[in-house]
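As a plain string of letters, each chain reads:
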Amino acid sequence: MTKIKLLEIAKSLGLEVIEKAVPVTMLSQVEECFASNSVHEVMPIVEIDGKPVQNGKRGPITKLLQDKYIEATL
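Being a predicted model, the structure only gives us computed values, none of them experimental.

Reading the values: rules and limits
- Residues numbered from 1 in each chain as written.
- Predicted model: local features only at pLDDT ≥ 70, side-chain atom pairs only at ≥ 80, totals over all residues.
- Heavy atoms only, no water.
- Helix = DSSP H or I, 4+ residues; strand = E, 2+ residues; numbered from the N terminus.
- Rg over C-alpha atoms; globule rule 2.2 N^0.38 Å.
- Buried < 20%, exposed > 50% of the residue type's maximum accessible area, 1.4 Å probe, protein only.
- Contact = heavy atoms within 4.5 Å.
- Core = buried A, V, L, I, M, F, W, Y, C linked by side-chain atoms within 4.5 Å.

Peer 1: Can you break down the overall build of the protein chain residue by residue, with the values?
Peer 2: When helices and strands are counted, the protein chain shows 2 helices and 4 strands. Secondary structure elements of the protein chain, listed N to C terminal, follow the sequence α-β-β-β-β-α. Its C-alpha atoms give the protein chain a radius of gyration of 13 Å, near enough to 11 Å, the size a compact globule of 74 residues would have. The principal-axis extents of the C-alpha atoms in the protein chain amount to approximately 35 × 20 × 20 Å. Every one of the 74 residues in the protein chain was classed for burial, and the buried ones make up 18%.

Written out as structure tokens, the structure is:
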């Protein structure tokens, strides 16, 4: 349910969503990263293997998705 709702939100915001397997070696190149599930909803990932993702803080797209997900589920 969380994934479906997030995909709907992303589409409504005009965000492109590509679902595919990403090799661990590529994770050091990401601009933002988050995990989603029904318990944590949208959880920013700010560090991978002890190295920060970008500036080590939640990114703007992740924040936007968190905010919109909360609005949609209230």
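More follows now that the structure is in view.
Peer 1: Any details on the environment of Pro23? Residues and values, ideally.
Peer 2: Within the secondary structure, Pro23 is located in the loop between helix 1 (2–12) and strand 1 (34–37). For the pair formed by Pro23 and Pro44, sequence separation is 21 residues and the distance between their alpha carbons is 19 Å.

Peer 1: Go over the side chain of Thr62 with me, naming the residues and quoting the values.
Peer 2: By the secondary structure assignment, Thr62 is in helix 2 (residues 60–73). Take Thr62: its relative accessible area is 1%, and that puts it in the buried class. Filtering out sequence-adjacent residues up to four positions away, Thr62 remains in contact with Glu32, Cys33, Phe34, Val42 and Pro44.

Peer 1: Quick rundown of the nonpolar core? Include the residues and the values.
Peer 2: Counting residues in hydrophobic clusters, the biggest one holds 6 residues: Leu6, Ile9, Ala10, Val42, Leu65 and Tyr69. Elements supplying a minimum of two residues to this core: helix 1 and helix 2. Top element by residues in this core is helix 1. It accounts for 3 residues. In this structure Tyr69 touches Thr2, Lys5, Leu6, Ile9, Glu41 and Val42, once residues within four positions along its chain are discounted.

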